[in-house]
Amino acid sequence: MDIATVDYWANAGGSYLHRASPTAKLMAAALGLAAVIVVFNLFLVATVFVLVVALAWRAGIPVRKLILISLYPGVFALLFAMAQFHGDFIIPGTTIAKAVGAASVVVLLIATTPYPRLFAALRPVLPGFIVEVLYVTYRSVFILLGVLSDALIAVRLRGGFTGRALGRRLQGAAVALAVATLRSFEISERTYAVMQMRGYSGRISGEASGGLHLRDVPLVGAAAAVAGQAFLFRYEWRALNPFSWAPFAAALLVLAVAMLVPRAAVAGGRERPVSEMLRGDAQ
Amino acid sequence: MSESVDEHKGEAVGPAVGERNSAVEPSAAAVQDSFPKAALAASSDGDGRFAARINCVRHRYEDGSKVELCGLEFAVERGQRVAVLGPNGSGKTTLFFHLVGILRPSEGAVSVLGVDPAHDFAKVRQRIGVVLQNVDEQLLAPTVWDDVSFSPRQYGLPRGEVKRLTEQALERIGIGHLRDKVPHYLSGGEKRKVAIAGALVMEPELLILDEPFEGLDPHARQQVLDLLNRLVAERGMTLITSTHDVNLVPEMADDVYVLAQGGHIVLHGTPAEVFAHAEVLQASNIEPPVLARLFEDLTRRTGVHLPMPASLEEAADRLAQIIGTERPGAQRAGQDQWGSPPLR
Amino acid sequence: MSHLHVPDGILPLWLILVGWLATVLMLAVAMHALRGRERARTVPQIGIVSALLIAAMSTEIVPIAYHANLTVLAGIILGPAGGVVAAFAVNLILALFGHGGITVVGLNTVVIGSETVLGYVLFYLFVRLLPRHVGVAAGMATVITLFLSTSLSIGIIALSQINPAEARDMGSLNPHTLSFSNPFKEGVLANRIVTPEQEGGASSTLSLKRFAEAMYALGAIGWTLESLLTGFLVSFVARVRPSLLRQPILGAALAGGDG
């Protein structure tokens with residue numbers, strides 16, 4: 001499932017982006033999102049998207065899969081885009097592009113930062129109780145995905161999904177979910193018991209909220225620049241719109257450079273692209 | 001070690017407390033009268049003799065099924081290594097859940113380190129380490145280091161102390177290289193080692209492990225076993241485990257309890273004593289260890305009394321003595337129980 | 001399909017902020033309701049139910065078109081306070097890997113949080129009326145809850161009044177002339193960051209109607225499936241572990257005093 005894949009990318013990678021502090025990445029992602037949301041120009045949205053792809057490439061994230069995941073909100077944007085269709089394709093197209101662009105920024109964030117580290121970085125802005133719930137939810141997702149997939153396999157093996165009939169699929173899914181639901185309660189009771197036994201007093205993770213480091217400056221700086229130019233184009237659009245192709249061209253250049261410069265040159269060879277690891281691992 | 005034991009069920013053949021004869025289940029009434037609930041509950045920690053006691057506990061599950069941990073008394077002395085054997089569904093896990101206070105008995109009393117665990121586990125939890133059967137549910141924290149350091153952090157220990165205890169636990173189990181890993185990407189055996197490290201980190205007096213060797217390869221199993229035995233010997237830690245692997249029992253337990261279906265405690269004694277009762281074991285779907293069966297068979301065939309060996313080493317010694325002279329400098333089978341190389 | 005699958009960049013900023021504000025308020029109320037020593041106990045409960053929802057929403061039964069929601073079930077099991085917290089956790093985690101917009105997490109939490117609260121209230125109401133038909137009570141509660149939440153979603157979209165004219169005003173590329181449009185020809189510009197002034201409202205109402213029709217039509221199918229599923233799950237739980245259902249009245253009605 002997507003969440004498992006993305007989690008693997010986040011944990012397995014060792015690129016610059018992976019090693020950047022979560023707080024810096026959150027800031028950069030927020031700036032990137034702002035850039036996408038603020039503009040109405042297809043070129044400018046595409047600029048952000050291309051830069052994301054470039055960063056993903058250098059971080060070793062499988063680009064094709066990342067784009068696929070980012071396209072998912074685009075499908076829903078289609079509904080809204082159709083509502084906006086009044087004869088030309090550009091505006092609906094921009095709507096869809098914005099959805100995909102925004103998603104790509106967020107997915108890049110989560111593909112290079114494991115969820116728990118993000119939660120730790122969010123500690124200053126979220127109540128502690130909520131952060132604890134997020135941690136347990138995260139762990140439980142993986143436990144439950146195992147339970148659910150086992151149950152689905154069992155249903156499938158017993159012919160629960162035979163035939164194309166939707167009714168059959170739903171029945172099978174319902175049984176699997178029932179099993180998962182029941183196991184959930186048992187798991188939560190035992191988890192609580194274990195937490196109590198081990199002395200739980202309110203803080204599952206020892207990770208510090210983390211701050212910014214000097215090496216994060218290029219990342220946040222670049223994101224700020226992108227956001228800055230987006231705001232500039234938005235408010236000075238009368239003058240600047242004819243030149244909106246320029247940021248897009250620059251982004252394409254960045255992408256070309258990113259793809260051409262060999263990755264092993266970075267970080268003294270310690271960096272091992274995630275896509276390479278995925279090819280190597282039996283999946 | 002008496003070998004002539006009355007096996008008739010229903011007769012009051014309960015041993016006195018402390019007597020080291022193996023025993024078979026007496027009538028329920030006899031047991032219940034001898035250990036009044038009040039006395040058990042009131043036993044303070046000043047009575048340093050027992051780490052854990054269960055007095056005919058009955059538990060009724062929500063779906064109606066019942067487990068009755070009755071029959072022989074379950075009493076674990078401090079510094080003992082106790083193993084609980086029984087078929088699936090016999091109530092082993094129920095027993096463990098009662099020991100740690102997850103389950104509350106409908107009838108009967110439980111005492112662990114002098115308190116009733118269902119109500120007061122928090123008073124003694126710093127001194128008890130627990131690993132339940134399903135390790136996935138016990139690995140709560142994002143990384144291995146976070147999980148092993150969980151207890152020290154929760155108890156508010158200073159950072160330096162947390163670091164020291166955690167590093168010590170990681171090194172002891174030999175998983176220092178896993179410290180930054182994420183739990184759901186570990187193998188089953190690695191997860192179990194992490195859970196055990198998490199249980200040992202606070203240097204507990206009592207360690208309760210439900211199926212501690214599940215998922216471990218033979219080498220890892222021996223490592224963990226040796227570590228546990230060393231902790232018992234050096235620090236007087238009490239160990240309560242359950243296992244399916246009967247062959248390990250002689251090496252890992254001084255005292256063995258056997259449960260039958262429904263939770264009845266039908267046998268209690270040293271491994272040698274318990275494994276001599278083949279029929280009772282069979283009724284509980286337990287096969288005695290290979291070595292026990294071999295030596296019992298030899299005893300029957302030759303008429304020479306050959307007591308059950310505690311380890312492969314001991315078995316080889318005895319057989320070598322019987323067969324004839326040992327070749328000087330010959331390599332010994334198995335591993336020395338106490339002198340195995342430290343884990344790191 | 002009550003989960004607002006509204007991607008980022010579509011709704012106006014003021015609405016997004018209102019959503020976040022409402023979420024903060026809901027969470028504050030929920031946490032206040034959960035305060036006390038027993039709050040630690042709710043952490044694994046809420047966590048596992050949130051995980052259940054995430055797992056269910058990630059398992060596409062009919063790809064893209066339908067996935068199980070289980071929000072009403074969450075409300076029934078966790079109660080309204082836990083349900084709201086779960087709604088937030090689920091939305092945040094899903095949004096972070098691209099399943100739904102990150103800016104709309106606020107609005108989504110409002111919608112899904114309301115589902116858990118409504119589901120809880122309606123279920124325990126109906127089950128008093130139909131003590132022997134727990135599944136039916138759950139199913140009915142689900143249908144009504146989802147209808148109301150879908151209407152809420154449509155209302156939120158209606159508030160946003162997506163206006164194509166504004167995009168042109170902002171100077172986007174005109175494909176027919178391959179030039180950038182001049183706003184003075186088309187209408188007066190409004191500052192979209194702060195004020196939601198609507199121009200040409202008539203043109204967008206048409207779109208809204210189309211949108212609403214689609215949502216209700218798709219929704220009806222979704223509600224039916226979801227209510228069947230929820231009814232099945234709740235009756236299953238009631239049979240096997242009645243103590244999980246929250247209110248003692250229910251326990252007494254079902255199992256004859258077995259609490």
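Predicted model, so just to flag it, every value in this text is computed and none were measured.

Chemist: Whenever I open this one, the overall build of chain A confuses me. Can you help?
Modeler: When helices and strands are counted, chain A shows 13 helices and zero strands. When its helices and strands are written in sequence order, chain A yields α-α-α-α-α-α-α-α-α-α-α-α-α. Partitioning the intrachain contacts of chain A with sequence separation of at least 6 by distance along the chain shows that 80% fall at a separation of at least 24.

Chemist: What's the story with the overall build of chain B in this structure? I'm lost.
Modeler: Counting secondary structure elements, chain B contains 14 helices and eleven strands. In chain B, buried positions account for 47% of the 344 residues. When contacts within chain B are restricted to residue pairs at least 6 apart in sequence, long-range pairs at least 24 apart make up 64% of them.

Chemist: I keep staring at the interface of chain C and chain A and nothing clicks. Help me out?
Modeler: Think of interface size as the accessible area that goes away when the parts come together; that is how it is often given. Listed by partner, the interface residues are 63 residues for chain C and 70 residues for chain A. Elements with a contribution of two residues or more to the side of chain C that touches chain A: helix 1 (13-33), helix 2 (39-58), helix 3 (71-96), helix 6 (164-169) and helix 8 (201-240) of chain C. Ranked by residue count, the leading element in the side of chain C that touches chain A is helix 2 of chain C, at 17 residues. Counted by class, the side of chain C that touches chain A contains 43 nonpolar, 15 polar and five charged residues.

Chemist: Sorry if this is basic, but what is going on with the packing of helix 1 (residues 2-12) of chain A against helix 6 (residues 90-112) of chain A here?
Modeler: Two packed helices can be described by the angle between their axes and the distance between those axes. Residues and elements named next belong to chain A. Where helix 1 contacts helix 6, the two axes come as close as 6 Å, and the packing angle between them is 55 degrees. One finds that helix 1 runs oblique with respect to helix 6. Counted together, V6, W9 and A10 of helix 1 and V107, I110, A111 and T112 of helix 6 form the full contact between these two elements. Taken together, the residues of the contact of helix 1 with helix 6 sort by class into six nonpolar, one polar and no charged.

Chemist: Quick question: what am I supposed to make of unusual backbone geometry here?
Modeler: All names here are of chain B. One non-glycine residue with positive phi stands out, namely C56, at about 35 degrees. When you line up the elements, C56 lands in strand 2 (residues 50-60). Given 22 C-beta atoms within a 10 Å radius, C56 is considered buried. Phi is positive for N285, which is not a glycine, with a value near 65 degrees. Inspection of the secondary structure puts N285 in the loop between helix 12 (278-283) and helix 13 (290-302).

Chemist: Would you mind going over the interface of chain A and chain B with me for this structure?
Modeler: Contacts between the two partners involve 23 residues from chain A, matched on the other side by 23 residues from chain B. The set of elements that each furnish at least two residues to the side of chain A that touches chain B consists of helix 8 (128-157) and helix 9 (166-197) of chain A. Here the side of chain A that touches chain B takes seven residues from helix 9 of chain A, the largest share from any one element. Partitioning the side of chain A that touches chain B into residue classes produces twelve nonpolar, six polar and five charged.

Chemist: Teacher, can you tell me more about the domain arrangement of chain A here?
Modeler: Residues and elements named next belong to chain A. Once the domains are mapped, chain A shows domain 1 (2-120 + 214-280) and domain 2 (127-197). Opposite the five residues of domain 1 that make contact, domain 2 presents six residues. Breaking the side of domain 1 that touches domain 2 down by element, the ones donating at least two residues are helix 1 and helix 7 (115-122). The element that contributes the greatest number of residues to the side of domain 1 that touches domain 2 is helix 7, accounting for three residues.

Chemist: I keep staring at the nonpolar core and nothing clicks. Help me out?
Modeler: Among the nonpolar cores identified, the biggest contains 258 residues, and V106 of chain A together with V85 of chain C are the most heavily contacted of them. The dominant element in this core, judged by the number of residues it contributes, is helix 3 of chain C, at 19 residues. Among the domains, domain 1 (2-120 + 214-280) and domain 2 (127-197) of chain A are the pair contributing at least three residues each to this core. Once you skip the residues sitting within four places of it in the chain, V85 of chain C turns out to touch I130 and V133 of chain A together with L27, A30 and I46 of chain C.

Chemist: Can you walk me through helix 4 (residues 42-59) of chain A in this structure?
Modeler: Owing to its 3.6 residues per turn, the α-helix aligns residues three or four sequence positions apart on the same side. Taking 1.5 Å of rise per residue, the 18 residues of helix 4 of chain A would be expected to cover 26 Å, and the 26 Å separating its terminal C-alpha atoms lies within 8% of that figure. With 15 of its 18 residues buried, helix 4 of chain A lies for the most part within the structure.

Chemist: What should I look at first to understand the packing of helix 3 (residues 22-38) of chain A against helix 10 (residues 217-235) of chain A in this one?
Modeler: Residues and elements named next belong to chain A. One can describe the packing of helix 3 onto helix 10 by two numbers: an axis separation of 8 Å at closest approach and a directional angle of 15 degrees. The angle between helix 3 and helix 10 falls in the class roughly parallel. The hand of the helix 3/helix 10 crossing is left-handed. Here A24, M27, A28, L31, G32, A34, A35 and V38 of helix 3 lie close against helix 10, whose contacting residues are L219, V220, A223, A224, V226, A227, A230, F231 and R234. In the contact of helix 3 with helix 10, the residues fall into 15 nonpolar, one polar and one charged.

Chemist: Is there a simple way to think about the pairing of strand 2 of chain B in this case?
Modeler: The side chains of a regular strand alternate between the sheet's two faces. All names here are of chain B. Burial analysis of strand 2 places nine of its eleven residues in the buried class, the great majority of the element. Pairing between strand 2 and strand 4 (residues 74-77): four bridges, direction antiparallel. In the strand pairing of strand 4, I54 is matched with F74. Both strand 2 and strand 6 (residues 107-112) contribute to a ladder of five bridges, which runs antiparallel. In the strand pairing of strand 6, R53 is matched with S111. Pairing of strand 2 with strand 3 (residues 66-69) involves four bridges; the strand directions are antiparallel. Across the sheet, R58 pairs through a bridge with E68, a residue of strand 3. Where strand 2 hands over to strand 3, the hairpin turn is made up of five residues, of which G64 adopts a positive phi near 100 degrees.

Chemist: What is the right way to read the pairing of strand 11 (residues 265-269) of chain B from this model?
Modeler: Residue and element names in this part refer to chain B. Summarising burial for strand 11: five of the five residues are buried, a large majority. Pairing of strand 10 (residues 255-259) with strand 11 involves four bridges; the strand directions are antiparallel. Of the residues in strand 11, the one forming a bridge with L259 is I265.

Chemist: I would appreciate a short explanation of helix 10 of chain A in the present structure.
Modeler: Residue and element names in this part refer to chain A. For helix 10, built from 19 residues, the straight-helix expectation of 27 Å at 1.5 Å per residue is met to within 8% by its first-to-last C-alpha distance of 26 Å. Taken together, the buried positions of helix 10 are L219, A223, V226, A227, A230, F233 and R234. The arc enclosing the buried residues of helix 10, seen along the axis, measures out at 125 degrees, which places them on a common side. Facing away from the buried side of helix 10, by more than 90 degrees, are the exposed residues V217, G221, A225 and Y235.

Chemist: Mind showing me how you'd approach the confidence of the model for chain B here?
Modeler: Reading fine detail from the predicted coordinates is not recommended where pLDDT is low. Residue and element names in this part refer to chain B. Averaged over chain B, the pLDDT score is 79; the fraction of residues at 70 or greater is 81%. pLDDT under 50 marks residues 334-344. Its contacts with residues more than four places away, or in other chains, come to 17 contacts. Predicted complex metrics record ipTM = 0.86 and pTM = 0.81.

Chemist: I tried to follow the environment of R49 of chain B on my own but got confused; where do I start?
Modeler: Residue and element names in this part refer to chain B. When you line up the elements, R49 lands in the loop between helix 2 (37-42) and strand 2. Put simply, R49 and T299 are 250 residues apart on the chain and 36 Å apart in space, counted from C-alpha to C-alpha. Residues contacting R49, with those up to four places away along its chain left out, are E77 and R78.

Chemist: What should I look at first to understand the environment of G106 of chain C in this one?
Modeler: Following the sequence through the fold, G106 of chain C ends up in helix 4 (residues 105-129). Leave out the neighbours within four places in its chain, and G106 of chain C touches I16, G19, W20, A22 and T23 of chain C.

Definitions and cut-offs
All residue numbers refer to position in the chain's written sequence, counted from 1. Here every chain gets a letter starting at A, and every ligand a number starting at 1, in the order they are written. The predicted nature of this model means local features are confined to residues of pLDDT at least 70 and side-chain atom pairs, given and counted, to a pLDDT of 80 or more, with totals for whole chains, interfaces and linings taken over all residues. Secondary structure counts use DSSP, requiring at least four H or I residues in a row for a helix and at least two E residues in a row for a strand, with both numbered from the N terminus. Two residues form a contact once the distance between their C-beta atoms, set from the backbone, is within 7 Å. Backbone-placed C-beta atoms define the burial measure: a residue is buried with 20 or more other C-beta atoms within 10 Å of its own, exposed with 12 or fewer, and partly exposed in between. Gly is placed with the polar residues, together with every amino acid not listed as nonpolar (Ala, Val, Leu, Ile, Met, Phe, Trp, Tyr, Cys and Pro) or charged (Asp, Glu, Lys and Arg). A fitted line through C-alpha atoms represents every axis, and for helices the fit uses only the stretch in contact; the resulting angles, taken between N-to-C directions, go from 0 to 180 degrees. Throughout, the term roughly parallel applies to angles under 35 degrees, roughly antiparallel to angles over 145, roughly perpendicular to angles from 65 to 115, and oblique to all others. The domain limits used here are those given by an automatic or database domain assignment. To form a nonpolar core, buried Ala, Val, Leu, Ile, Met, Phe, Trp, Tyr and Cys residues must be joined through C-beta atoms within 7 Å. Multiply 1.5 Å by the residue count of a helix minus one, and that product is the helix's expected span. Crossing chirality is assigned from the near helix's rotation relative to the far helix, an anticlockwise turn below a right angle marking it left-handed and a clockwise turn marking it right-handed. Strands were regarded as paired on the criterion that DSSP finds at least two bridges between them. Arc definition: it is the arc formed by the directions from the helix axis to the C-beta atoms. pLDDT: the predictor's confidence for each residue, scored from 0 to 100.

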